[in-house]
Amino acid sequence: MGGTEHLTVERHGATLVLTMNRPEAKNALSPSLLVGLHDGWLEADADDEIRSVVLTGAGGDFCSGMDLKALAGTAATDDRYRDRLRADPDLHWKAMLRHHRPRKPVVAAVEGYCVAGGTEILQGTDIRVAAESAVFGLFEVRRGLFPIGGSTVRLPRQIPRTHALEMLLTGRPYSAAEAARIGLVGQVVPDGTALAVALELAARINACGPLAVEAVKASVYESDGLTEAEALAGELARGRPVFGTADAREGARAFAEKRAPVYRRA
């Protein structure tokens, strides 16, 4: 498994856990962390034994956004990671899930700060669990900056436009309860339990047919911007082949035999 100084990669059964690991900087995005995230998404996509991904942060925070010192070029960083970023100008956007959508479901486990670039990465995840004291927000306008990680496009598609614009234009912090009320996160759990709950959700996903799960995820995102007729046609194109798989037959057989199915991605 991969990983860098600022990104820890672990396996929990069929779940790949990516932990942003700069607790002293509230897991602010550094070259090392961006390269680690990029490589982690690719690892999850390439390994058929991985059925889900959990993204979290170390030290009680999720991610506080871009490291402004690194952005200004004043922080000491490993040239290996700077070289990777120079070699692929799109790498940081892939790392932040702006220009890459993993085919496996991604569950976010949020504790503490999830602001600026942290809230932008969050919008690239599929299911979101937040601890009670988590804090969200897009602070860029307060610093004279633009939330260019995709928020002006994705946020109004994920939550009501009035809430999206309030978050984007005021730059104010949001509590976990408020984030849940507007639909930015799915559930709020006691502090210190977000990762455990996210792993439980991932385990439920892992127990399902992987071909079916990936086809369902793809269909949901592919329907964005389409008319209902176009989206329904796309759903048939994605869904019909699933019924012809050995996994589909195994699911029906296991149900009839009252046992857990054994899926083989076939």
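For the structure, see preceding data.
Worth saying up front: this structure is predicted, and the values here are computed from it rather than measured.

Within the structure shown, the criterion is met by zero aromatic pairs. Against the face of Trp93 rests Arg98, its NZ or CZ located 4.9 Å from the ring centre. For Arg172, the ring lying beneath its charged end belongs to Tyr174, and the centroid distance is 3.9 Å.

So, on to the sheet that holds strand β1 (residues 7–12). Across the sheet, six strands lie side by side as β1-β2-β3-β4-β6-β9; this open sheet has mixed pairing. A single partner strand is all that each edge strand has here, and the edge strands are β1 and β9 (187–189). Within the sheet, the average angular offset between the axes of one strand and its neighbour, ignoring direction, is 20°.

So, about the pattern of salt bridges. Charged atoms that come close allow side chains of opposite charge to pair. Applying the stated criterion across every chain yields a total of 20 salt bridges. The closest approach of N and O atoms between Arg80 and Glu5, which form a salt bridge, is 3.2 Å. In this pair, Arg80 is assigned in helix α3 (residues 79–87) and Glu5 in the segment before β1, connecting sequence segments 75 residues apart. By relative accessible area, Arg80 is classed as partly exposed at 47%. What you see here is one network of salt bridges that share partners, running through Asp48, Arg103, Glu214 and Arg265.

Let us now look at the packing of helix α10 (residues 210–222) against helix α11 (residues 228–243). Relative orientation of the contacting elements α10 and α11 amounts to 175°, with a least axis distance of 9 Å. By the angle between their axes, α10 is roughly antiparallel relative to α11. Contacts between α10 and α11 pair Leu211, Ala212, Ala215, Ala218, Ser219 and Glu222 from the former with Glu235, Arg238 and Val242 from the latter. For the contact of α10 with α11, the residue count by class is five nonpolar, one polar and three charged.

Thresholds applied
- Residues numbered from 1 in each chain as written.
- Predicted model: local features only at pLDDT ≥ 70, side-chain atom pairs only at ≥ 80, totals over all residues.
- Heavy atoms only, no water.
- Phe/Tyr/Trp six-rings, centres within 6.5 Å; stacked < 30°, edge-to-face > 60°.
- Lys NZ or Arg CZ within 6 Å of the ring centre and 35° of its normal.
- Pairing = 2+ DSSP bridges.
- Helix = DSSP H or I, 4+ residues; strand = E, 2+ residues; numbered from the N terminus.
- Axes fitted to C-alpha atoms, helices over the stretch in contact; angles between N-to-C directions.
- Salt bridge = Lys/Arg side-chain N within 4 Å of Asp/Glu carboxyl O.
- Buried < 20%, exposed > 50% of the residue type's maximum accessible area, 1.4 Å probe, protein only.
- Parallel < 35°, antiparallel > 145°, perpendicular 65-115°, else oblique.
- Contact = heavy atoms within 4.5 Å.
- Nonpolar A, V, L, I, M, F, W, Y, C, P; charged D, E, K, R; others polar.

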